[in-house]
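Structure assessment
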Number of protein chains: 2
Amino acid sequence: MSQQKRTAFFISDGTGITAGALGQLLAHFPETQFTQIRIPFTDSDAKVDDAQKRIVNARMENGQRPIVIMSIGNQKLRAELKEVDAYYIDLFDSFIEPLGVELQEEPLTRPGVAHSISGAIYSDRMEAINFALGHDDGMTHNGLNQANVILVGVSRSGKTPTSIYLAMQFGIKAANYPLTPEDFERKALPPILEGYIDKIFGLTIQADRLCSLRSERRPNSTYASLDNCRKEITDCENLMKRAGIPWADSTTRSVEELSAIILQKIRQPNT
Amino acid sequence: MSQQKRTAFFISDGTGITAGALGQLLAHFPETQFTQIRIPFTDSDAKVDDAQKRIVNARMENGQRPIVIMSIGNQKLRAELKEVDAYYIDLFDSFIEPLGVELQEEPLTRPGVAHSISGAIYSDRMEAINFALGHDDGMTHNGLNQANVILVGVSRSGKTPTSIYLAMQFGIKAANYPLTPEDFERKALPPILEGYIDKIFGLTIQADRLCSLRSERRPNSTYASLDNCRKEITDCENLMKRAGIPWADSTTRSVEELSAIILQKIRQPNT
């Protein structure tokens, strides 16, 4: 079967982020080419009309009905939206209302209930982001005792984006600290990290990938050369082995995957 | 009805992030106190057994059956997991398989299909994070022409976490640039921003909230004083009004909400 085109809409009365997260499930259908469109803040008749027009247009353009993943609390608006032909996945109908029956609790239906600023977890996340930014690349030694995790690894092994993802998504305070040829020569972790061994998690990476990442930053340097990358990685893995640090390879893993692995290894503050 | 306790499990053969995102929908039930537990990488009989034990324990502990939001591709493991008593929301049964019928395409069932490193969007996101970190707080003027959006506002109005969220979640290259008393005196945007007016989005904030945020950083300073915060905010809003810059108030909005607003205002590279 040849590749078909479909438009997937994520329509919400709030940010559309929860509905949009389900967009990841579309990756299970690699033969279909999806155009993804978010329509947040759909909380009035006029906005529903607008969304309907876009659904109708997409239908005409692709010759196939669009997929609509929707989260709209107001029952009237919800019914209105569904008047045009599309394949609807309605989070209220299929998820929230049945769950309400199970919990014997009427769900809140006002817009923007998820992803609001309220709750301790939101401020934890913002604090964790400040922490990650302030403790990136070993820039300060203060407050390492507050870290939930300290990521170590050679330069460009993926420590920074992983730290930020852990902070943004989970409110985990993640510091990150580079391991350098100086440490490898001493065959020991940087002295400042002693005493935090239980919080340390290592990232490693394959040499050719590291070479390519470093070459973007400093082309034709010793730093980026394949030989140097190989040597640093071997030294770094030996050091981590000796120190008993758990680690993961970032070469073929996304920050989401690395974070899920790291969360399993460390004590989790929120869950 | 008094507040009940329930445990919500997010069980996946991959990162558990898609299933976990649905956890936001639990916010629709404020009367129920949820303990949320992620169990990623559940891709073997042994791991399913382990998850089952945790479900059974949570049931005993709360006296109520747990909620289990699950995404497991392997049909046999899926059926096995559901042998113990819980309220199951099975993303394969309820979303992926029906969607496959609509698309006339068999879904991939191997673990970790979502949130893998593959695809241009992932590298766009990583590049955008580097961009956001490199263009935080006006630290460099190079490459502003590559920005998808330039956030402006007074110090501590929420520019940094919003930039990082836009990058991490959507692959949007967001620079951010502080507006300072010097700019207010000149009654003009920093000269470097001229020529980018179409990309600029402003953040404002209420004075008492700004005062409290700044006091955390520099207690008892003029910088943090309520009078100074009031004056800077008024000056900043006047400047943005004069320059014709759209803006949003960050006082009661999460980075998710601010980002959804900003995305509506700017041209979106990916969607």
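First things first, this report covers the structure right here in the doc. Here the structure is a predicted model, which is why all the values come from computation and not from measurement.

What counts, and at which threshold
- Residues numbered from 1 in each chain as written.
- Chains lettered and ligands numbered in written order.
- Predicted model: local features only at pLDDT ≥ 70, side-chain atom pairs only at ≥ 80, totals over all residues.
- Heavy atoms only, no water.
- Phe/Tyr/Trp six-rings, centres within 6.5 Å; stacked < 30°, edge-to-face > 60°.
- Buried < 20%, exposed > 50% of the residue type's maximum accessible area, 1.4 Å probe, protein only.
- Lys NZ or Arg CZ within 6 Å of the ring centre and 35° of its normal.
- Contact = heavy atoms within 4.5 Å.
- Buried area = accessible area lost by both parts, 1.4 Å probe.
- Salt bridge = Lys/Arg side-chain N within 4 Å of Asp/Glu carboxyl O.
- Polar contact = N/O pair within 3.5 Å; in protein donor to acceptor, adjacent residues only side chain to side chain.
- Helix = DSSP H or I, 4+ residues; strand = E, 2+ residues; numbered from the N terminus.

Quick notes on the packing of aromatic side chains
Remark: the centre distance and the inter-plane angle together describe each pair of aromatic rings, the angle taken between the planes. Residues and elements named next belong to chain A. Counting across every chain of the model gives two aromatic pairs over all chains. Relative to Phe170, the ring of Tyr165 lies with its centre 6.2 Å away and its plane at 80°, an arrangement referred to as edge-to-face. Here Tyr165 falls in the buried class, since its relative accessible area comes to 4%. Note on Phe170: relative accessible area 12%, which makes it buried. Over the ring of Tyr223 we find Arg218, and its NZ or CZ is 4.1 Å from the ring centre.

Here we look at the interface of chain B and chain A
By a frequent convention, interface size equals the accessible area lost on bringing the separate parts together. The interface is formed by 75 residues belonging to chain B together with 75 residues belonging to chain A. Summed over both sides, the interface between chain B and chain A buries roughly 6,700 Å², with carbon and sulfur atoms accounting for 68% of that surface. Linking chain B to chain A there are six salt bridges. Ionic pairing is found between Arg65(A) and Glu102(B), a salt bridge with its closest N-O pair at 2.8 Å. Counting across the chain B and chain A interface gives 20 residue pairs in polar contact (both at pLDDT 80 or more).

Topic: the environment of Val152(A)
Residue and element names in this part refer to chain A. Among the structural elements, Val152 can be located in strand β5 (residues 149-153). With a relative accessible area of 0%, Val152 lands in the buried category. In sequence terms Val152 and Gly138 are 14 residues apart; their C-alpha atoms lie 9.4 Å from each other. Apart from the residues lying within four places of it in its own chain, the contact partners of Val152 are Lys159, Tyr177, Leu179, Leu193, Ile200, Phe201, Gly202, Leu203 and Met240.

A closer look at the side chain of His28(A)
Examined against the element boundaries, His28(A) turns out to sit in the loop between α1 (17-21) and β2 (32-39). Overall, the relative accessible area of 5% leaves His28(A) in the buried class. At a separation of 2.8 Å, a polar atom in the side chain of His28(A) contacts the main-chain carbonyl oxygen of Leu108(B).

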